[in-house]
Amino acid sequence: MTLDELRVKIDAIDDTLLKLYRERMELVHQVGELKNTTGAPIYRPEREQAILKRLKSQNKGRLTDAAIDALFLEMFAVARNLELPEGVAYLGPEASFTHQAAESKFGAMSTYLPMASIHAIFREVDKGRAKFGVIPIENSSNGIVSDTINCLNEYDLKIIAEVMIDIHLAFATLCEDIKSIKRIYSKDIAFGQCRDFLQDLGLDDVELIPVESTAKAAKMAAKDKEAAALCPSVAAKINNLPIRFENVEDNTNNRTRFFIISNFENQASGADKTSILVRLSDKPGTLVNFLNDFEKANINLTKIKSHIVEGESLFFLEFNGHKDDAHIKPILQRHQNEIKVLGSYVKEIDDI
């Protein structure tokens, strides 16, 4: 076929797609009306994952699984916002890695609320000024985020989903000559993640200025002709800050895991993960006996991290399964005075 003939066929398919999108949105609207009568949440992560899994199992064309995720997750986000526009609070500013994690789940149409701290995110969701919050929980290089554990302990909100983002940093600057750079802005942990790169360029003696986020670092370097930033590429582009080097982190497998929090609980999907906080008495054998109960119930614990909150020792635990599963529910009830269930949600990854 000629180019014009191919374009005619593509136009016809686009017209059909638009018609089908309209039909789908009408059905979504009817679902939304039914949910409004029962007070059920519009966002159901387990339902979206079930749809994606079904579609991928049928895929035999040129679309990759990642492409299916991108196309349909955006469509889900459009549908949610047509029914009930709801705010998403995240650790700002715009173009931060938390913002990228939020957009990967909630799409471009959602209303995003940049917050200055993790505590502020929890507060906004708790007060109802945002329906969802997106918060970092752990990084493959730096471990668990203490502020997140503290807030999960303080607030009665639920984890409803998890997101994993690969962390890649760019070196961006207005300086034409790298030797003229006198200051580098970034988040404190990013300097450690890029130590080898800075040494290789002879910048290890340059003043390193820590700021609240790598996205803010790009904004500051864009106003300083003698400075550079270690920041996400998207943050550099938004601030018109020229990128000199991409992927400058020392560990190419650097990843951060995020939680999405809200004020409702998920139904079981059949492929879930549950997060809990545990307070145990300070007696010999208490932890061993607690863990043995999970082993006897054939519950696979995938993470055990100790944490100190206001001088008190807590354990952050995760295991495969939903809190309402038949073999899990009795264990949670037996230890209900020691356990705070943080949420059951569709498992995106085994571990970071």
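In the block above lies the structure referred to throughout.
Conventions adopted
- Residues numbered from 1 in each chain as written.
- Predicted model: local features only at pLDDT ≥ 70, side-chain atom pairs only at ≥ 80, totals over all residues.
- Heavy atoms only, no water.
- Helix = DSSP H or I, 4+ residues; strand = E, 2+ residues; numbered from the N terminus.
- Buried < 20%, exposed > 50% of the residue type's maximum accessible area, 1.4 Å probe, protein only.
- Contact = heavy atoms within 4.5 Å.
- Pairing = 2+ DSSP bridges.
- Axes fitted to C-alpha atoms, helices over the stretch in contact; angles between N-to-C directions.
- Phe/Tyr/Trp six-rings, centres within 6.5 Å; stacked < 30°, edge-to-face > 60°.
- Salt bridge = Lys/Arg side-chain N within 4 Å of Asp/Glu carboxyl O.
- Core = buried A, V, L, I, M, F, W, Y, C linked by side-chain atoms within 4.5 Å.
- Parallel < 35°, antiparallel > 145°, perpendicular 65-115°, else oblique.
- Nonpolar A, V, L, I, M, F, W, Y, C, P; charged D, E, K, R; others polar.

(A) Summary view of the overall build of the protein chain. Check the secondary structure of the protein chain and you find twelve helices and 15 strands. For the protein chain, the spread of C-alpha atoms along the three principal axes comes to 65 × 65 × 40 Å. Here the protein chain holds 352 residues, and 46% of them are scored as buried. Sequence separation of 24 or more characterises 76% of the internal contacts of the protein chain that already satisfy a separation of 6 or more.

(B) Structural view of the sheet that holds strand 15 (residues 339-346). Pairing in this open sheet of four strands is antiparallel, and the strands run 13-14-12-15 from one edge to the other. Of all strands in the sheet, those bounded by a partner on one side alone are strand 13 (301-309) and strand 15. Taking each pair of neighbouring strands and ignoring which way they run, the sheet shows an average axis angle of 15°. Where strand 12 (residues 272-278) and strand 15 come together, seven bridges link them in antiparallel fashion. Considered in strand 15, the bridge of T274 is made with S344. Where helix 11 (residues 286-296) meets the sheet, its contacts fall on strand 12, strand 13, strand 14 (312-320) and strand 15, and the angle it forms with strand 14 comes to roughly 15°.

(C) Representation of the packing of aromatic side chains in the model. Scanning all chains against the criterion turns up 13 aromatic pairs. Between F259 and Y345 the ring centres are 5.8 Å apart and the planes differ by 65°, which places this aromatic pair in the edge-to-face class. Of this pair, F259 sits in strand 11 (residues 255-262) while Y345 sits in strand 15; the two residues are 86 residues apart in sequence, bridging distant segments of the chain. A single burial state applies to F259 and to Y345, both of which are buried.

(D) Region of the structure containing the pattern of salt bridges. Across all of its chains, the model carries 20 salt bridges by this definition. Residue E124 is joined to R129 by a salt bridge in which the shortest nitrogen-to-oxygen separation is 3.1 Å. The buried category is assigned to E124, whose relative accessible area is 13%. With a closest N to O distance of 2.7 Å, E138 and R257 form a salt bridge. Of this pair, E138 sits in strand 3 (residues 132-139) while R257 sits in strand 11, and the two are 119 residues apart along the sequence. The class for R257 is buried, based on a relative accessible area of 1%. Because the salt bridges share partners, they merge into one network encompassing E138, E162, R257, K273, K303 and E318.

(E) Seen up close, the pairing of strand 11. Counted residue by residue, strand 11 has seven buried out of eight residues, so it is predominantly covered. Bridging between strand 3 and strand 11 involves six bridges; their strand directions are antiparallel. By the bridge assignment, N139 is partnered in strand 11 with T256. Bridging between strand 5 (residues 158-166) and strand 11 involves eight bridges; their strand directions are antiparallel. Across the sheet, M164 pairs through a bridge with R257, a residue of strand 11.

(F) Representation of the nonpolar core within the structure. With 33 residues, the main nonpolar core has V134, F171, I184 and I260 as its most contacted residues. For I260, the contacting residues outside a window of four places in its chain are Y43, K105, F106, F132, G133, V134, K158, I159, I160, A161 and V163.

(G) Representation of the environment of K283 in the model. Its place among the elements puts K283 in the loop between strand 12 and helix 11. Overall, K283 belongs to the exposed group, its relative accessible area being 57%. Distance from K283 to K223, taken between C-alpha atoms, is 57 Å for residues 60 residues apart in sequence.

(H) Summary view of the sheet that holds strand 6 (residues 170-173). Pairing in this open sheet of five strands is mixed, and the strands run 8-7-9-6-10 from one edge to the other. Either end of the sheet is taken by a strand with one partner, and the two such strands are strand 8 (207-210) and strand 10 (243-245). When strand polarity is set aside, the average angle formed by the axes of neighbouring strands in this sheet is 30°. Its contacts with the sheet place helix 9 (residues 214-221) against strand 7 (183-186) and strand 9 (227-231), and it is angled at close to 160° to strand 9.

(I) Main features of unusual backbone geometry. A cis amide bond links G92 with the next residue in sequence, P93, at an omega value of 5°. Take P93: it is sitting in the loop between strand 1 (87-91) and helix 4 (97-106). The phi dihedral of N298 falls on the positive side, at around 60°, and the residue is not glycine.

(J) Local environment of the packing of helix 3 (residues 65-83) against helix 4. Where helix 3 meets helix 4, the closest approach of the two axes is 7 Å, and the angle between their N-to-C directions is 80°. It follows from the interaxial angle that helix 3 and helix 4 lie roughly perpendicular. Residue-level contacts link L73, A77, R80 and N81 of helix 3 to S104, K105 and F106 of helix 4. Grouping the constituent residues of the contact of helix 3 with helix 4 by class yields three nonpolar, two polar and two charged.

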